[in-house]
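# Residue-level structure breakdown
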Amino acid sequence: MTRITVKVDGVEYSDDVEPRTLLVHYLRETVGKTGTVVGCDTSNCGACTVHLDGRSVKSCNVLAVQADGHEVTTIEGLAGTAGSDGALHPMQVAFHEAHGLQCGYCTPGMIMQACDLLKENPDPTEAEIREGLEGNLCRCTGYHNIVKAVQQAAAAMSGAVSAGAGTATAEPDREEVTS
Ligand code: FES
Ligand code: FES
C-alpha cells in the first residue's frame, strides 16, 4: 500500500491505496465522491471526467498515486468555483435550463469536460464544442441540447447573459455527435 495525500473538492485526504488503484475508484470508494461515475473503465466514455489541477482527465485513466500531492475537483465540488459562493456553476445551470441531460449518467463528465473546454476557448463555435466533447459519450444521444447548454454557459460566463437567465430552449430531438 502507498500513502497518498490529495485535495478533493477543497478538502485534504490522506489514505493508503494500492499502487494499481484507479483515481475514479479512490474517489468513489474511499473519498465517497459517487457523483463521479464509471461508464466503461476503458477510457472511452468520459463519464468519469474530473479536474486534476484544473484540467480535465478521465479518472479511470489515472492512478490514484498519480494524484498524490495534487488537487482534484469533482462534479460535487464544482458549485461555487465560479466565484458564486456555493451557487451552482453556470455550466450546471445551463445544463439544467437547456435540458442538457436525459438519464443524466454522462452529465457529471460532460459538465467537467465542458468547463475545461470553455477555459481553453471561452467562445467556441458549435463545431468546436462538438469536437471538445467528442471524448464524452451520451448513450441517450442527447447531444443537441448538450451543445445548447454549453453555448448558454459560454454566454453566461462571458457576461453576455447572466447565469440562470439563459434563453436556450429545450428541443427533444436527438442526434449523433458530429465533428
Ligand atoms: Fe472513464 Fe468511461 S469510465 S472513460
Ligand atoms: Fe443519458 Fe447522457 S443523458 S447518457
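Residues numbered from 1 in each chain as written. Chains lettered and ligands numbered in written order. Predicted model: local features only at pLDDT ≥ 70, side-chain atom pairs only at ≥ 80, totals over all residues. Heavy atoms only, no water.

## Considerations on unusual backbone geometry
Despite not being glycine, His-99 has its phi angle at roughly 55 degrees, a positive value. Tracing the backbone through its elements, the reader meets His-99 in the loop between helix 2 (90-97) and helix 3 (107-120). Not every positive phi belongs to a glycine, and Thr-141 is a case in point at roughly 55 degrees. The topology assignment puts Thr-141 in the loop between helix 4 (126-132) and helix 5 (143-157). (Helix = DSSP H or I, 4+ residues; strand = E, 2+ residues; numbered from the N terminus.)

## Focus on the pairing of strand 1 (residues 2-8)
For strand 1 and strand 2 (residues 11-17), the ladder comprises 7 bridges, and the chain directions are antiparallel. Across the sheet, Thr-5 pairs through a bridge with Ser-14, a residue of strand 2. Counting the residues that bridge the hairpin from strand 1 to strand 2 gives 2 residues, and of these Asp-9 lies at a positive phi of roughly 50 degrees. In this structure, strand 1 lies alongside strand 5 (residues 71-73), joined through 2 bridges in parallel fashion. When the sheet's bridge partners are listed, Lys-7 is paired in strand 5 with Glu-71. (Pairing = 2+ DSSP bridges.)

## Comments concerning helix 5
The end-to-end C-alpha separation of helix 5 is 21 Å, in line with the 21 Å expected for 15 residues at 1.5 Å each. Of the surrounding secondary structure, the elements contacted by the buried residues of helix 5 are helix 2, helix 3 and helix 4. One or two positions beyond helix 5, positive phi appears at Gly-159, with a value near 90 degrees. (Expected span 1.5 Å × (residues − 1). Contact = heavy atoms within 4.5 Å.)

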